[in-house]
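Analysis of the macromolecular model
Residue-level listing of the chains:
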Amino acid sequence: MSKALLTIITTTFNRSDFLIRLLNYFSDTHYKHRIDIGDSSDAFHVGRTKEAIKKIGKKLEIIYMQCPGIGINGTQHKLMQHVNTPYVAILPDDDFLVPSGLDKCIEFLENNSDYVAAHGYGAIFAFRP
């Protein structure tokens, strides 16, 4: 894989379905940067996630850490200690970022060193029960 410029940090707790969906999305959209996952899940969800990473792992650069009992903030902090890319985004396991939009943000930041953040448009969808 090429040298990643961006790390996406994702934390999860017993939501392997959401995380697997997210990883499949990034695989299908040819995301080319790094994804760091902090997993505080129980053994069932850890097993499902590890199996999905094994299947998808060759298409994505994934760093996976088990983080039992330290909560979302502690997990994010632990993951931040390992970021070695110039840019980082924190993404909940049930949200999506569009890879082409991320690339545009990176390009903007690379060409405008007086900025420290970039973002695009967002959309929120909700389903009625």
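Values in this document were obtained by computation on a predicted structure and should not be read as measured data.

As a further point, take the packing of aromatic side chains. Any pair of aromatic rings gets described here by the distance separating the centres and the angle formed by the planes. According to the stated counting rule, one finds four aromatic pairs in the structure shown. Residues Y25 and F96 carry aromatic rings whose centres are separated by 4.8 Å and whose planes lie at 70 degrees to one another, so their mutual orientation is edge-to-face. In this pair, Y25 sits in helix α1 (residues 16-28) while F96 sits in the loop between β4 (87-90) and α4 (99-111), placing the two residues 71 residues apart along the sequence. Here F96 falls in the partly exposed class, since its relative accessible area comes to 37%. Seen from their ring centres, F26 and Y31 are 4.6 Å apart, and the 45 degrees between their planes marks the pair as tilted. On the basis of relative accessibility, which here comes to 3%, the residue Y31 falls in the buried class. The cationic tip of R15 hangs over the ring face of F18; the distance from NZ or CZ to the ring centre is 4.2 Å.

Looking at soluble globular proteins, one finds that nonpolar side chains tend to be buried together. The biggest cluster of nonpolar side chains holds 19 residues, and the ones touching the most others in it are L6, I8, L23, F26, Y31 and L60. Secondary-structure elements contributing two or more residues to this core are β1 (6-12), α1, β2 (34-39), α2 (43-56), β4 and α4. Considering every element that reaches this core, the biggest residue donor is α1, with four residues. Once residues lying within four places of it in the same chain are set aside, the contact partners of F26 are I8, Y31, I35, L60, L91, L97 and P99.

Turning next to the sheet that holds strand β3 (residues 61-66). Pairing within the open sheet is parallel, and its four strands lie in the order β3-β2-β1-β4. Whereas interior strands pair on both sides, the edge strands pair on one side only; in this sheet they are β3 and β4. Direction aside, neighbouring strands of the sheet carry axes that sit 20 degrees apart on average. One ladder, built from six bridges, connects β1 with β2; its direction is parallel. Bridge pairing links I9 to D36 in β2. Here helix α3 (residues 71-80) sits on the sheet in contact with β1, β2, β3 and β4, set at roughly 155 degrees to β1.

A few words now on the pairing of β3. If a strand is regular, its side chains alternate between the two faces of the sheet. Note: β2 against β3, six bridges, orientation parallel. Bridge pairing in β3 places I35 opposite I62. Read as a crossover between parallel neighbours, the route from β2 over α2 to β3 is right-handed.

Inspection of the entire model under this criterion finds six salt bridges. Ionic pairing is found between R15 and D94, a salt bridge with its closest N-O pair at 3.1 Å. Note that R15 is positioned in the loop between β1 and α1 and D94 in the loop between β4 and α4, a separation of 79 residues in sequence. Of the charged contacts in the structure, one is a salt bridge between D17 and R48, with a shortest N-O distance of 2.5 Å. With D17 in helix α1 and R48 in helix α2, this pair connects stretches of sequence that are 31 residues apart. Taking relative accessible area as the criterion, D17 reaches 53% and is therefore assigned exposed. R48 sits in the partly exposed class, given a relative accessible area of 30%. Through salt bridges with shared partners, a single ionic network connects R15, D93 and D94.

Criteria and thresholds
Residues numbered from 1 in each chain as written. Predicted model: local features only at pLDDT ≥ 70, side-chain atom pairs only at ≥ 80, totals over all residues. Heavy atoms only, no water. Phe/Tyr/Trp six-rings, centres within 6.5 Å; stacked < 30°, edge-to-face > 60°. Helix = DSSP H or I, 4+ residues; strand = E, 2+ residues; numbered from the N terminus. Buried < 20%, exposed > 50% of the residue type's maximum accessible area, 1.4 Å probe, protein only. Lys NZ or Arg CZ within 6 Å of the ring centre and 35° of its normal. Core = buried A, V, L, I, M, F, W, Y, C linked by side-chain atoms within 4.5 Å. Contact = heavy atoms within 4.5 Å. Pairing = 2+ DSSP bridges. Axes fitted to C-alpha atoms, helices over the stretch in contact; angles between N-to-C directions. Right-handed = clockwise from strand over helix to strand, strands pointing away. Salt bridge = Lys/Arg side-chain N within 4 Å of Asp/Glu carboxyl O.

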